[in-house]
Amino acid sequence: MQISNSLILLSLLSSLIICSSSSSIQESEAAIESLLKRLDSKRSPASVQEAAARGVLQRLLPTHLSSFEFKIVSKDGCGGRSCFRISNYKSSRRNSPQILIEGTTATEITSGLHWYLKYSCYAHVSWDKTGGIQIASVPKPGALPRVSDNVVIIQRAVPWNYYQNVVTSSYSYVWWDWERWEKEIDWMALQGINLPLAFTGQEAIWQKVFTEDFNITAEDLNDFFGGPAFLAWARLGNLHAWGGPLSQNWLDKQLLLQKQILARMLELGMTPVLPSFSGNVPAALKAIYPSANISRLGEWNTVDADPRWCCTFLLDPSDPLFIEIGEAFIKWQFKEYGDITNIYNCDTFNENSPPTDDPTYISSLGSAVYAAMSKADKDAVWLMQGWLFYSDSSFWKPPQMKALLHSVPFGKMIVLDLFADVKPIWKSSSQFYGTPYIWCMLHNFGGNIEMYGVLDAVASGPIDARLSENSTMVGVGMCMEGIENNPVVYELMSEMAFRSDKFQVKEWLKVYSHRRYGKELHQLETAWEILHQTIYNCTDGVADHNTDYIVQFPDWDPTLHTRSDLHQENQMQKIPGVYRNRRFMLHEISSPLPQPHLWYDTQDAIAALKLFLDAGNELAGSLTYRYDLVDLTRQSLSKLANQVYLDAISAFQNKDANALAVQSQKFLQLIKDIDVLLAADDNFLLGSWLESAKSLAVNSDEAKQYEWNARTQVTMWFDNTKYIQSKLHDYANKFWSGLLQGYYFPRASMYFSHLSKSLSEDKAFTLEDWRKEWIAYSNEWQAGTEHYPVKAQGDALALAKDLYVKYLR
């Protein structure tokens, strides 16, 4: 009888939990539906959106402006959802448009345009720095392919297609002007992105908030804002003043740029996500409000906790001043931008755990954060990165997660499942305990350049999540730290906003190859089959952060480890998928020798490269082909260099001076040869990064500061001492011509010289001596002003063929 009663109680309890879960999901669904209707009411008039879509067409394909007719339609004509419709334009007039594209917003129209160009004309659109567009395959005006089924209707599978990480603004966008931003927004519109983060220029808003409302001086803010290349981490409260101060010129220009960005996003029917207050405050606020609950945070990746940039100040969300500042910030945004959105990003607890794990306290903090938004905007929705649930999972257990996620009304918070492509949280959290979420692909760290992807997971993950029981998924998103790499990954991920059913990636890649290069070539189709199963099939669960030895040279003493240790590292380097599990995102850990990520058989990738080379004569002049060829050759040589480095270290440990000389020279020659290869493509040049930074300056002092910011971010990143490199050195490493020859080559050369000297003089290798020499060189280079080329030099195909023969055949 007791067992029976227990079973009944368990059954009742399960029913209550299910009912409660279903009830919360229904509440969230109703709130999301209400939000979508409010956002629809804020959109630009149909005529404005149609004109904006025509603007995208004019910039993409000006010869075909009269070939298309665009029209905004209601959701009623799309089954109550967002969609685009492609049909043949019906008219008996001569010179009338051929194709009619209708959409519920301008972004749906441009998505339809892109879909038609891809699947009817075999065209291709990618970032300029990944080869750009391929439109040679588009027939001339008047000869466009007809829509075979009379009408193609594609609905959005989920309401939103989100874009950006909170640090993308620093790793990729920091030096952009309006011309470059206009291209990016066009790309976003063609990819169907309708929920972009809009973080540019927020320091100008904070200047108004703090100086006009809270008695902070402009001088005090010099210690608060980071430099241009480090603004993302100053906003997150990780650092202050590093790379600063910000000039008034910078603040004013960035605010103007933000207004241009927002205006175009709105014209295209997008919903911008604006920043909100996370609690990060200037140090001076503590003196002005001595009774406020302001605490100084601990150090974040500094080498010695230097107070000049370490240990920022956080206003506790429970303090009444928190709501005052949060309300003021959103009201100032209203004043500058208008009432344009209800969605605000806030990441108070990202890399910053609450002082206690008491769920009641966590719930009160979450409520206070939301109150700061809703006080200014009663319809506010909190968009939060879910990275903390992965990176700090030891703190955010189910009770703590529920406390935070349920601290606001259902439907008033949306979580970004930031790393769902590799470590999905939705599966282990009962769909975020009823909270709406967006399935996101993280993919890139630090803006590193490495061919990598999980194409099968990208193609199936969002569909599995959406169709799962009690799904609370409301969107897909791309949350990479840096853009302009791996175009195949981002094109596939963008399509997932419009794909409801499973499909074969292998077949998709055949069409992708045709579109990207403008013609069907058997060699390239086969090459992409290989790449799909190797480079773009990473299944080891490791987030890919490029730590190849060329770009992240090991800071270690080989005399402290035995040859057997190195042999083990050597063998692991040869076995794809073997790795040391570590949290690399923000903290390094001690290990005998850092291991570059290797998840595939390099010989297979080299076979794919041979097929690319064989197709070269068919694709003379193709920029998309040139980019992919250079990138694949670079990757193959970089992986080879990892092995060469290990061979050099092994020779040193064996006290074989001749072998050390041979292997170290081979490693250094590889750096030189890769640099020359990269110089043959405009998209792999350090000079472009540096010149774009200096172009924003209005005087020599700004030019010098901006160049230092640009050089430092991609090298040392943060502070160092005479003998200790930055904890974040090489985090944002790049395979750029100029950077290899001017920075990575001297570093490796100095190291090998010290090893060689140790053997020739029969003296102990002293790591500190190399560090001292190397760090001094790095700091000098960071402050340098020498020019680097901004135009490609050399024949990429000829160079790639020569290097294949020299190293890989």
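Thresholds, definitions, all that
- Numbering of residues begins from 1 in every chain and follows the order in which that chain's sequence is written.
- This being a predicted model, a pLDDT of at least 70 is required before a residue's local features are given, and a value of 80 or more before pairs of side-chain atoms are given or counted; all residues contribute to the totals for chains, interfaces and linings.
- In computing side-chain properties, one takes all heavy atoms of the structure into account and sets aside hydrogens as well as water.
- Comment: elements are numbered from the N terminus, with helices defined as DSSP H or I runs of at least four residues and strands as E runs of at least two.
- Values of the radius of gyration come from C-alpha atoms, whereas the globule rule sets the reference at 2.2 Å times the count of residues to the power 0.38.
- For the exposure calls, accessible area comes from a 1.4 Å probe over protein chains only, and a residue counts as buried if that area is under 20% of its type's maximum, exposed if over 50%, partly exposed in between.
- Pairs of cysteine sulfur atoms within 2.5 Å are identified as disulfides in what follows.
- Pairing between two strands requires that DSSP report at least two bridges joining them.
- Aromatic pairing here means that ring centres of Phe, Tyr or Trp (its six-membered ring) are within 6.5 Å. Orientation follows from the plane angle: under 30 degrees is stacked, over 60 is edge-to-face, and everything else is tilted.
- We call a charge positioned above a ring when the Lys NZ or Arg CZ atom is no farther than 6 Å from the ring centre and deviates by at most 35 degrees from the ring normal.
- For this analysis, a nonpolar core means a set of buried residues of the types Ala, Val, Leu, Ile, Met, Phe, Trp, Tyr and Cys, connected via side-chain atoms within 4.5 Å.
- Fitted lines through C-alpha atoms give the axes, limited to the stretch in contact for helices. The angle between two N-to-C directions lies from 0 to 180 degrees.
- Geometric relationships in this document are graded by angle, where less than 35 degrees denotes roughly parallel, more than 145 denotes roughly antiparallel, 65 to 115 denotes roughly perpendicular, and other angles denote oblique.
- Contact between two residues is taken to exist if any of their heavy atoms lie within 4.5 Å; hydrogens are not considered.
- Asp, Glu, Lys and Arg are counted as charged, while Ala, Val, Leu, Ile, Met, Phe, Trp, Tyr, Cys and Pro are counted as nonpolar; the rest, among them Gly, fall into the polar class.
- Counted as a polar contact is a pair of N or O atoms within 3.5 Å, where, for protein atoms, one must be capable of donating a hydrogen and the other of accepting one, and residues adjacent in sequence contribute only when both atoms are in side chains.
- Only four residue types enter the tally: Lys and Arg on the positive side, Asp and Glu on the negative side, with His and both chain ends excluded.
- What counts as a salt bridge is simple: a side-chain nitrogen of Lys or Arg found within 4 Å of a carboxyl oxygen of Asp or Glu.
- Convention used here: a crossover is right-handed provided that the path from the first strand, over the helix, to the second strand proceeds clockwise when the strands point away from the viewer.

Enquirer: How would you sum up the overall build of the protein chain? Please name residues and give values.
Expert: For the protein chain, the helix and strand inventory stands at 28 helices and 15 strands. In terms of overall dimensions, the protein chain is globule-like: its C-alpha atoms have a radius of gyration of 27 Å, near the 28 Å expected for 809 residues. Considering only C-alpha atoms, the protein chain reaches an extent of 80 × 80 × 75 Å along its principal axes. By residue count, 62% of the 809 residues in the protein chain fall in the buried class.

Enquirer: Tell me about the state of the cysteines, and please be specific about residues and values.
Expert: Applying the stated rule across the entire model yields two disulfides. One disulfide bridge connects C78 with C83, the sulfur atoms lying 1.8 Å from each other. Torsion about the S-S bond of the C78 and C83 cystine: about -40°, corresponding to left-handed handedness. A single burial state applies to C78 and to C83, both of which are buried. In this model C310 forms its disulfide with C311; the gap between the sulfur atoms is 2.2 Å. An S-S torsion of about 45° defines the bridge between C310 and C311 as right-handed. For the pair shown, C310 and C311 are each scored as buried.

Enquirer: Can you explain the sheet that holds strand β12 (residues 381-385)? Please cite residues and give values.
Expert: Pairing is parallel in the open sheet, where eight strands are placed in the order β6-β5-β15-β14-β13-β12-β11-β7. Pairing within the sheet leaves two strands with one partner each, and these edge strands are β6 (195-196) and β7 (274-275). Relative to strand β15 (residues 473-478), strand β5 (residues 160-163) runs parallel, the two sharing four bridges. Note on β15: the bridge partner recorded for W160 is G475.

Enquirer: A description of the packing of aromatic side chains should follow, citing residues and the corresponding values.
Expert: Scanning the model with the defined rule gives 70 aromatic pairs in all. Seen in terms of ring centroids, W206 and F210 are 5.2 Å apart; in terms of plane orientation they differ by 20°. Their pairing is stacked. With W206 and F210 both in helix α6 (residues 202-213), this residue pair falls four residues apart, about one helical turn. With respect to class, W206 is no different from F210; both count as buried. Between Y743 and W774, the ring centres sit 4.9 Å apart and the planes meet at 70°, which makes this aromatic pair edge-to-face. On the criterion of sequence distance, the pair formed by Y743 in helix α26 (residues 739-760) and W774 in helix α27 (residues 767-782) is long-range, its members being 31 residues apart. Chaining the aromatic ring pairs together yields one cluster made of Y171, F230, W233, W242, W300, W309, W708, W717, F718 and Y731. We note R711 situated over the ring of W781; from NZ or CZ to the ring centre the distance is 4.6 Å.

Enquirer: Outline the nonpolar core, listing residues and values.
Expert: Generally speaking, nonpolar side chains in soluble globular proteins are found buried as a group. Among the nonpolar cores identified, the biggest contains 272 residues, and F389, Y645, F667, W717, Y751 and F752 are the most heavily contacted of them. Considering every element that reaches this core, the biggest residue donor is helix α22 (residues 623-653), with 14 residues.

Enquirer: With reference to specific residues and values, describe the packing of helix α2 (residues 46-60) against helix α5 (residues 178-191).
Expert: Between α2 and α5, the least distance of the axes is 10 Å, while the angle of their chain directions is 110°. In terms of their interaxial angle, α2 and α5 are classed as roughly perpendicular. Each of V56, R59 and L60 in α2 lies in contact with α5, whose residues at this interface are E182, D186 and L190. Among the residues forming the contact of α2 with α5, the class breakdown is three nonpolar, no polar and three charged.

Enquirer: Account for the side chain of K118, naming residues and giving values.
Expert: In this structure, K118 sits in helix α3 (residues 106-119). Looking at K118, its side chain comes within polar contact range of the side chain of E495, at 2.6 Å.

Enquirer: Could you give me a rundown of the side chain of D377, with the residues and numbers involved?
Expert: Here D377 is to be found in the loop between α12 (359-374) and β12. One buried charge, D377, has no salt-bridge partner; the nearest side chain with opposite charge is K42, at 5.9 Å. Separated by 2.8 Å, the side chains of D377 and Y344 make a polar contact. Other than its neighbours up to four places away in sequence, D377 contacts F334, T341, N342 and Y344.

Enquirer: Tell me what's going on with the pairing of strand β3 (residues 99-103), and back it up with residues and numbers.
Expert: For β3, the tally of buried residues reaches five of five residues, placing the bulk of the element in the interior. Burial along β3 is two-sided: I99, I101 and G103 facing one way and L100 and E102 facing the other are all buried. Bridge count for strand β1 (residues 68-72) against β3 is five bridges, and the pairing is parallel. Across the sheet, the residue bridging to F68 is I99, located in β3. Pairing of strand β2 (residues 83-88) with β3, which is carried by five bridges, proceeds in the antiparallel orientation. Directly across from I86, in β3, lies its bridge partner I101.

Enquirer: Account for the pairing of β15, naming residues and giving values.
Expert: Of all the six residues making up β15, six are buried; the element is thus mostly covered by neighbouring parts of the structure. Relative to β15, strand β14 (residues 437-441) is paired through five bridges, and the arrangement is parallel. Looking across to β15, one finds that M441 is bridged to M478. The parallel pair β14 and β15, bridged by helix α16 (residues 455-467), forms a crossover whose chirality is right-handed.

Enquirer: So, the pattern of salt bridges: which residues are in play, and what are the values?
Expert: All chains considered together, the criterion is met by 41 salt bridges. With a shortest N-O distance of 3.8 Å, K694 and E707 are connected by a salt bridge. Remark: E707 occurs in helix α25 (residues 700-713) and K694 occurs in helix α24 (residues 686-694); sequence separation between them is 13 residues. The exposure class assigned to E707 is buried, which follows from its relative accessible area of 3%. Sharing partners across several salt bridges, the network here consists of R59, E182, D186, R264 and E267.

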